[in-house]
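Okay, here's what each chain looks like letter by letter:
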Amino acid sequence: MSMARILRFPGPAAAALVAAAMAGSMACGMAPGDAIGDGADGGSGAAGGYTADPFWPQPLPNHWILGSITGVAVDASDRVWLVHRGSASLTVRTEEGLGTDPPTAEACCLAAPPVLAFDQTGALVAHWGGPGQGYDWPQSPGGMDVDAQGNVWITAAGAPAGRGGGGRGGRGGRGGRGGAAPPPPPEDAQVLKFSSDGKLVLQIGKAGMVGAPDSTTSLNRPAAIAVDAANNEVYVGDTGNRRVVVFDATSGAYKRHWGAYGTPPDASMAPEAYTAGAPAAKQFRTISCITLSRDGMVYVCDRDSNRLQVFRRDGTFVKEAVIAPATLGGGAVWDVALSSDPAQATLYVADGQNQLVHVLSRETLAETGTFGGGGRWPGAFYGVGSIAVDSHGHVYTGEALEGKRLQKFTAQ
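Residues numbered from 1 in each chain as written. Predicted model: local features only at pLDDT ≥ 70, side-chain atom pairs only at ≥ 80, totals over all residues. Heavy atoms only, no water.

Section: the overall build of the chain
Stage number 1. When helices and strands are counted, the chain shows two helices and 26 strands.
Stage number 2. Here the contacts in the chain between residues at least 6 apart in sequence split such that 54% fall between residues at least 24 apart.
Stage number 3. With the model as given, the accessible surface of the chain reaches about 17000 Å², and the carbon-plus-sulfur share is 54%. (Helix = DSSP H or I, 4+ residues; strand = E, 2+ residues; numbered from the N terminus. Contact = heavy atoms within 4.5 Å. Areas by Shrake-Rupley, 256 points an atom, 1.4 Å probe, with all protein chains shown as cover.)

Here it is as C-alpha cells:
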C-alpha cells in the first residue's frame, strides 16, 4: 500500500503534499512506499491498514488552536470529545499571539476552550471549560470519559514534570508586564464531573488536599478515568498513589481500591525507573489509562512500565502484557481503547514514545499489527497519548506534548 493511497489528498496539491510526507517519512525511519498501517489482515476491528482523514475535524473558529491533548472520548451519540492543556502548553512567541498582553499578532492565534466536542462530520458542536465558581479546574487536565447520560468526567493530573505553565519567548506575556511571579496553584488532587454543557455536577477530592494510598476521600494527581454505567461506578487512576480507586458515580462515595497485581498500593515501595529485562515492578509506576469492557474486565495502562494489566471489577488480577519492552523515556502504553464489535475483540494501544498505535487481540493480548509512525503529516503521530473508538469502528487519536492534534482513522 503506497503513501499516496494512505493519505488520499485530492486536487492539484496532492503531489506536493505526498512528496513532503515521503520526505518526512525517510527522516523517521520509514521508506517511501511504506504503509502507515501495515499489519496482519483480519476482520472486524482486526489489524490492517488504517487511513487518516486529513480533512477531519473541520477548522476551528475564532482563530482557536489546540494545546496538548490529554484525553479523548466518544459519547453515546458518537460525538468525539477532547480535553487539552490550552495556553499552558502553547508557545507565546510562535503560537498564541492573540493570547498575550499586549497581543503580539493581529490574526493568530488563541487557545481554544479546554473542552471541545465534534460531530461525525468534524463540525465543532460544544466548547467550554476552564476555571469557574464552585470547583477546582486542573493545573493540567488528564484523561476524560463521557458517561451514558452525557456527563463529561475530567481528571486533574498535575502539571507535567519540567514543563512550566506559561509560554516561552516572545514579546508580551499572559500575565502582563513586570511584577512578581504569582504563587504556584494548589496541587491537582481532584476529579470533575460536568454536564454536557459544562455545568458542574460533582467534584471528588480537592486541589491541594493530597491523600495517601489508603485514603478514602483524597487523591494525588489522578490521570485516568472510566465510568461503569451498569453499576453506577467511576474508576479513577490515582497516579500519585499508584492505585485504581472506585467511587459511586452519583455521590462520589468511596467503594474500593487496589494496586498493581491487585495488591494494596504501598507508598514506601516506589519502584525504580524501568529497565528492560528487570523483574516486573510490584507497584504501578504511572497509571495513564483505565478502560472497561462490556464483559466486566478493567484494563489499566502502566505507561512507564510498558505494561497493560487486566483486572476484574473487584480488583482481582487476571493477566498482563508488556508492549515494546525495550522502550524507555515516556513508556509505550499511554492509553487503550476497545473495538466496537460485539465481542470487543481488539485493543488499540496508543504509544506516544514510539509514535504508534499497537493493535492487540483482547483474548491473548498478542500484538497483531500497528499503524502510525513518527511525523507531522496525516496518519503519523507526535506524542499520541489518547485513543477512542466510535460505534462505527472509527479510531480517534489525540496527540500530547507538541503534537496538539486530533485525528480520525478508518480501517481498510
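What about the pairing of strand β18 (residues 307–312)?
Stage number 1. Taking burial as the measure, the six residues of β18 include five buried ones, the bulk of the element.
Stage number 2. A loop of four residues connects strand β17 (residues 297–302) with β18, the two strands running antiparallel in sequence, and N306 in this loop sits at a positive phi of about 60 degrees.
Stage number 3. Note that β18 and strand β19 (residues 317–322) share five bridges and pair antiparallel. Along β19, the bridge assignment pairs V310 with K319.
Stage number 4. If you look at the hairpin formed by β18 and β19, you'll find four residues sitting between the two strands, and G315 has a positive phi there, around 95 degrees. (Buried < 20%, exposed > 50% of the residue type's maximum accessible area, 1.4 Å probe, protein only. Pairing = 2+ DSSP bridges.)

Quick word on the state of the cysteines
Stage number 1. Counted by the stated rule, this structure contains two disulfides.
Stage number 2. The disulfide that involves C289 links it to C301, with 2.0 Å between the sulfurs. Handedness here is read from the sign of the S-S torsion; for C289 and C301, about 70 degrees, the answer is right-handed. Of this pair, C289 sits in strand β16 (residues 287–292) while C301 sits in strand β17, and the two are twelve residues apart along the sequence. Like C289, the residue C301 is buried in the burial classification.
Stage number 3. Along the chain, the cysteines that take part in disulfide bonds pair up as 1-2, 3-4, counted in sequence order. (Disulfide = S-S within 2.5 Å.)

A look at the sheet that holds β17
Stage number 1. Taken in spatial order, the four strands make up an open sheet running β16-β17-β18-β19, and their pairing is antiparallel. What marks the edges here is a single partner per strand, and that holds for β16 and β19. This sheet shows a mean twist of 20 degrees between the axes of neighbouring strands, independent of strand direction. (Axes fitted to C-alpha atoms, helices over the stretch in contact; angles between N-to-C directions.)

A short note on the packing of aromatic side chains
Stage number 1. One pass over the structure, following the stated rule, counts 16 aromatic pairs.
Stage number 2. Aromatic side chains Y50 and Y348 sit 6.1 Å apart centroid to centroid with 85 degrees between the ring planes, which places their arrangement in the edge-to-face category. With Y50 in strand β1 (residues 50–52) and Y348 in strand β21 (residues 346–351), this residue pair connects regions lying 298 residues apart in the sequence.
Stage number 3. Owing to a relative accessible area of 1%, Y50 belongs among the buried residues under this scheme.
Stage number 4. Given a relative accessible area of 2%, Y348 falls into the buried group.
Stage number 5. Judged by centre distance (6.3 Å) and plane angle (70 degrees), the rings of Y235 and W258 are edge-to-face. Highlighted residues: Y235 in strand β13 (residues 233–238) and W258 in strand β15 (residues 254–258), separated in sequence by 23 residues. (Phe/Tyr/Trp six-rings, centres within 6.5 Å; stacked < 30°, edge-to-face > 60°.)

Quick notes on the environment of Y382
Stage number 1. Mapped onto the fold, Y382 is located in the loop between β23 (367–372) and β24 (384–389).
Stage number 2. With residues up to four places along the chain from it excluded, the contact list for Y382 reads Q355, G375, R376, E399, A400, L401, E402 and G403.

With respect to the pattern of salt bridges
Oppositely charged side chains may form a pair once their charged atoms are brought near each other.
Stage number 1. Scanning all chains against the criterion turns up 14 salt bridges.
Stage number 2. Notably, a salt bridge pairs R303 with D304, separated by 3.3 Å at the nearest N-O pair.
Stage number 3. The closest approach of N and O atoms between R405 and E399, which form a salt bridge, is 2.9 Å. Of the two residues examined, R405 and E399, each falls in the buried class.
Stage number 4. Linked by salt bridges that have partners in common, E95, E402 and K404 make up one network. (Salt bridge = Lys/Arg side-chain N within 4 Å of Asp/Glu carboxyl O.)

Notes on the sheet that holds strand β4 (residues 80–84)
Stage number 1. Sheet architecture is open: four strands sit in the order β3-β4-β6-β7, paired in antiparallel fashion. Each edge of the open sheet is held by one strand with a lone partner, namely β3 (69–74) and β7 (124–128). Adjacent strand axes in the sheet meet at a mean angle of 15 degrees when their direction is disregarded.
Stage number 2. Sheet topology places β4 next to strand β6 (residues 115–118); four bridges connect them, and they run antiparallel. Across the sheet, L82 pairs through a bridge with L116, a residue of β6.

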